[in-house]
Structure formats: structure tokens, C-alpha cells
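Fold and geometry: a report
Chain by chain, the residues:
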Amino acid sequence: MRRRTLALATASGAALLAAAALPATAQPAAPRALPAAPGAGLQEGSVSAADLLAKLKGCSQLSNGKYRTDEETSATVPVCGKNGAVFWKADMDVDCDGQTTSKCNADTDPWYQDDTAFRQSNGKPLNAEKLPYVVVPSSSGIWNYASAGIKGGGVVAVIYNNQVEYAVVGDTGPDKIIGEASYAAAKGLGINPDPENGGADSGVTYVLFKNSKASPIESHADAVSRGDALAKKFLQDN
């Protein structure tokens, strides 16, 4: 869980799905990524970034206020609600917390912590270098993620530069800042994953599917499979 006292220097650039969602104990095979169009990047599952974004115009605000993307910025980002999901549009700071690896450690990340708010099925912290996960703001008067049906291991569609990547809710961060995901999530989307100097300044959309959960949390394949089903249901319901 992040408790940063400094803002991350980001680099520019580049439902309730009871019927449709798979049971939490299921272990389905992940759908293959679609063949990329010329110049296209990551596409996990069968739902396009354009189709998802078309359903995310406007904002029915759920949060009591707005979040900052970094400590020095003003609060401009609301948490918005849709049928079966919540979403926000922000930047991406890179979270390297969790298991110590060659890419994520106290030497590579000035804010490194060797734990995550949510853990693997074997009790170990998540592996930010290997697992795409998203950081949610700690519960506060602005917004309580748990009350909105969001939980550890919940499935998230992360959209950037016309790409779709599925991730899980893996960590919690400062209660007034939003827009953060793991090293692996950034790398998968073609974003510089360096925890100190990487990230994306803007253009990242996070769609968190309510009452969903990958099982086990550390299985990216399961998150992709569930995410594809949830995204299809989301398009039908909105």
C-alpha cells in the first residue's frame, strides 16, 4: 500500500454479474488476444477499447469529491458509476510494491514497500513485475471502494492508447490520489514501467467491475477470461 510523501515524476508519452460472471472458483482458460491491427498494441479478450470507451462518456459521479493525480496537482478526477462498474480517467503512476524482484526493489523505487494490501493465495504479497494490478485510493470521506462493490482481486479493464489490458485490484494508495497501477500493467500497455521516472501523464481509463474477483488473484489468465465476459456484459447493460 502506498503512503507516498512525494509525487511520482511521470513521463510524458506514450454485475453485478451473477448470471454472466464466472463462479469465483472456476479456472477457465483465458481467451486469446485478438490479432493486432497494423500499429495497434495490446488487445486482451474480444471487446475493443473503442466499444468500452463509447459507454464511458459523461460521468454519474459516485465520489463525494474529486481526486488528485499527484500531490502537487489540483483535485479534478471523480469516480463515476455505470451499471455493473465504476470508472475513472486519470494518469498512471507505477507501483512496484510487493515481492522484491530485479525490477521492483528499494534500489529501483524510492517509495518501495515489500507488501501489498491484497495478497496471493499462498499469503505472499503480489508481484508487481509480473502481475498487472491496479491501485485504488484508501477508503476516505471522498469514496469507499468496498461500499461500491470493489474488492481485492476485483477485475479491472485498463484502457490506454486504444489498448485493453485486464488487471486486478491489487493494492491501496493515498486517500486523496488516484491513477496508479503495477509495473506489469504499465509495461503491458507500452507505458514506461520505471517506478521513479515512468508512467503516463494522462489518457488512462480504469473500469472496475463490481462484485468480481479473479481466482486466484495472481492468475492473470483468469482475470483476462473473467474480464472479457464482464466487458461483454457491461456493453449489454449500458
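Residues numbered from 1 in each chain as written. Predicted model: local features only at pLDDT ≥ 70, side-chain atom pairs only at ≥ 80, totals over all residues. Heavy atoms only, no water.

The next point concerns the state of the cysteines. Across all of its chains, the model carries two disulfides by this definition. Two residues, Cys59 and Cys80, share a disulfide whose sulfurs are 2.0 Å apart. On the S-S bond that ties Cys59 to Cys80, the torsion sits near -100°, and the link is left-handed. Taken together, the positions of Cys59 in the loop between helix H1 (49-54) and strand S1 (80-82) and Cys80 in strand S1 put the pair 21 residues apart, joining distant regions of the chain. Accessibility expressed as a relative area gives 4% for Cys80, which makes it buried. The partner cysteine of Cys96 in its disulfide is Cys104, sulfur to sulfur 2.0 Å. In this structure, the disulfide formed by Cys96 and Cys104 twists by about -60° around the S-S bond and is classed as left-handed. Side by side, Cys96 and Cys104 carry an identical accessibility label, which is buried. Along the chain, the cysteines that take part in disulfide bonds pair up as 1-2, 3-4, counted in sequence order. (Disulfide = S-S within 2.5 Å. Helix = DSSP H or I, 4+ residues; strand = E, 2+ residues; numbered from the N terminus. Buried < 20%, exposed > 50% of the residue type's maximum accessible area, 1.4 Å probe, protein only.)

Inspection of every chain in the model, using the stated rule, returns five salt bridges. Its salt-bridge partner being Asp175, residue Lys176 comes within 3.6 Å of it at the nearest N-O pair. Here Lys233 ties to Asp237 by a salt bridge, and the two come within 2.6 Å at their closest N and O atoms. Placement of the pair is Lys233 and Asp237 together in helix H3 (residues 220-237), with a separation of four residues, close to one helical turn. Using a relative accessible area of 33% as the deciding quantity, one classes Asp237 as partly exposed. (Salt bridge = Lys/Arg side-chain N within 4 Å of Asp/Glu carboxyl O.)

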